[in-house]
Every structure is written in structure tokens, then in C-alpha cells.
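Architecture and fold: a report
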Amino acid sequence: DGQGYAIKNIEILAEDSSLLEDVGLFGQVSNATVHNLKIDNMELVSENFVVRMGSLAGRAEHSDFENISINNTSLTSFDVVGGLVGHLINSDLSDVHIKSTNITGVNSIGGLIGKIEPLDTFSEVIESNTVSISKSSSQGLISGERQLGGLVGVVNLSTNISIRESFTKGSL
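Residues numbered from 1 in each chain as written. Predicted model: local features only at pLDDT ≥ 70, side-chain atom pairs only at ≥ 80, totals over all residues. Heavy atoms only, no water.

1. Overview of the overall build of the chain
Summing up its helical and strand segments, the chain has zero helices and 18 strands in all. Relative to a compact globule of 172 residues, whose C-alpha radius of gyration would be 16 Å, the chain shows 14 Å and is just as compact. Its C-alpha atoms give the chain principal-axis dimensions of about 40 × 35 × 30 Å. With 172 residues in all, the chain has 47% of them scored as buried. Pairs at least 24 apart in sequence give 81% of the contacts found in the chain among residues at least 6 apart. Surface summary for the chain: the accessible area is close to 8,100 Å², and the carbon and sulfur share equals 47%. Measuring between centres, the 10 positive side-chain charges of the chain sit 9 Å from its 21 negative side-chain charges. (Helix = DSSP H or I, 4+ residues; strand = E, 2+ residues; numbered from the N terminus. Rg over C-alpha atoms; globule rule 2.2 N^0.38 Å. Buried < 20%, exposed > 50% of the residue type's maximum accessible area, 1.4 Å probe, protein only. Contact = heavy atoms within 4.5 Å. Areas by Shrake-Rupley, 256 points an atom, 1.4 Å probe, with all protein chains shown as cover. Lys, Arg positive; Asp, Glu negative; His and termini not counted. Charge placed at Lys NZ, Arg CZ, Asp CG, Glu CD.)

2. Some thoughts on unusual backbone geometry
With the exception of glycine, most residues fall at negative phi, and the peptide bonds are largely trans. For Asn9, which is not glycine, the phi torsion reads 55° and is therefore positive. Along the chain, Asn9 falls in strand 1 (residues 6-14). Given a relative accessible area of 56%, Asn9 falls into the exposed group. Of note, His62 is a non-glycine position whose phi angle comes to about 50°, a positive value. Mapped onto the fold, His62 is located in the loop between strand 6 (57-61) and strand 7 (64-76). On the accessibility criterion, His62 (38% relative accessible area) is partly exposed.

3. A short note on the pattern of salt bridges
In this structure the tally under the stated criterion is five salt bridges. Ionic pairing is found between Glu21 and Arg52, a salt bridge with its closest N-O pair at 3.5 Å. Separated by 31 residues along the polypeptide, Glu21 in the loop between strand 1 and strand 2 (22-23) and Arg52 in strand 5 (residues 52-54) bring together distant segments of the chain. Note that Arg59 is salt-bridged to Glu61, the shortest N-O span being 3.0 Å. When sorted by exposure, Arg59 lands in the same class as Glu61, which is buried. Via salt bridges that share partners, Glu21, Asp22 and Arg52 belong to a single interconnected network. (Salt bridge = Lys/Arg side-chain N within 4 Å of Asp/Glu carboxyl O.)

4. Some thoughts on the sheet that holds strand 2
Strands in a sheet are paired, the pairing made by backbone hydrogen bonds, and the direction either parallel or antiparallel. The five strands lie next to each other as 2-5-8-11-15, forming an open sheet whose pairing is parallel. Looking at which strands have only one partner, the edges of the open sheet turn out to be strand 2 and strand 15 (146-149). (Pairing = 2+ DSSP bridges.)

5. With respect to the environment of Glu15
Looking at the element boundaries, Glu15 is found in the loop between strand 1 and strand 2. Spatially, the C-alpha atoms of Glu15 and Glu47 are 5.5 Å apart, while their sequence positions differ by 32 residues. For Glu15, the contacting residues outside a window of four places in its chain are Glu47 and Asn48.

6. A few points about the environment of Asp40
Turning to its location among the elements, Asp40 is positioned in strand 4 (residues 33-46). The partly exposed category is assigned to Asp40, whose relative accessible area is 24%. Sequence-wise, Asp40 and Ala6 are 34 residues apart; in three dimensions their C-alpha atoms are separated by 6.8 Å. Setting aside residues no more than four positions away along its own chain, Asp40 makes contact with Ile7, Lys8, Asn9, Asn71 and Asn72.

7. A few points about the nonpolar core
Counting 35 residues, the largest nonpolar core has Phe65, Leu84, Leu88 and Leu93 as its most contacted members. When residues of this core are traced back to their parent elements, those giving at least two are strand 4, strand 6, strand 7, strand 9 (85-89), strand 10 (92-104), strand 12 (113-116) and strand 13 (129-134). It is strand 4 that provides the largest number of residues to this core, a total of five residues. In this view, Leu93 contacts Phe65, Leu84, Leu88, Leu112, Ile113, Ser132, Ile133, Ser134 and Ser136; residues no more than four positions away in its chain are not counted. (Core = buried A, V, L, I, M, F, W, Y, C linked by side-chain atoms within 4.5 Å.)

See below:
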């Protein structure tokens, strides 16, 4: 519980990211509840290949995110980049707002989530993946070559996804 506090002025430069798989405030979160948190003025840059990148986490599974605000953020990487989470598995988002954000990459780039795909902690395909996004938004610039989305860059076909009362505003 962030208790409404803000984490401000964060800069992460992954210069030699040949060994990094997940970059964010947290690399990975699992079975977590993150709520009532603000992130303001964050810059994440990978000069090399990073598998997953997000302001809060590179990868999240079996987690709940509620009442989160991310403002004035710049994310630059190669693959699977999201304003909140790079790669999301079996999780729920509610009242998550990304504003004044610049997200740049090549593949699977999204305002909230880069990629929603069912993998377990050992990178093996699992039977089901359920994701719910409600009352959330993304506003900013999203740049890349393939699989770009205002809210989500790419969703695997075996995912059961629900998006309600959410919007995106900005440029792709």
C-alpha cells in the first residue's frame, strides 16, 4: 500500500543489459497487491536488449494493481514495453492512469501493458490467462514498429481479457 505517496525523479539506465530480463521500479512482481501509489518523473532507458520493461515492473503475474497514477514518464527499450508493466499474466488493473508518457520500442509496445501472454514462472505455456482492466487510461506518445496499442500492445489469443470503462488518448 503506497498510502497515496509519490515516488519521484527516478532514472534507470540499463547500459549493459545483456543479462537483464525485466526492468522497472521492480523487475518482477508475483502474487502482489499494489495500490494507492504515484510515480512521477521517471526515465527508463535500455541501450541494449531488455526482454520486458514497465514503469512499475518488467513482468507481473497473479497480481492486483489499483489506484495507481504514473505521470511524466519516458520508457525506451527494444521489446515488450508498457507504461505500467511490460508483460502481464493473470492479473487485474483498476483505476490505473498513465499520463504524459513517452513509450518507445520495436515490438509489443502499449500505453498500460506491452504484452499479455500466458506463461508461468518457468516460461512454459499454461492453460489459462485471465486479465481484467477497468477504469484505467493511458495518455501520451507510443512509438514502435509492430504490435502497438494505446492500452495493450499485444494480447495472446488464449487470454481471457476484459477491458471496461477505459480509454487511451495520444499518438501511435
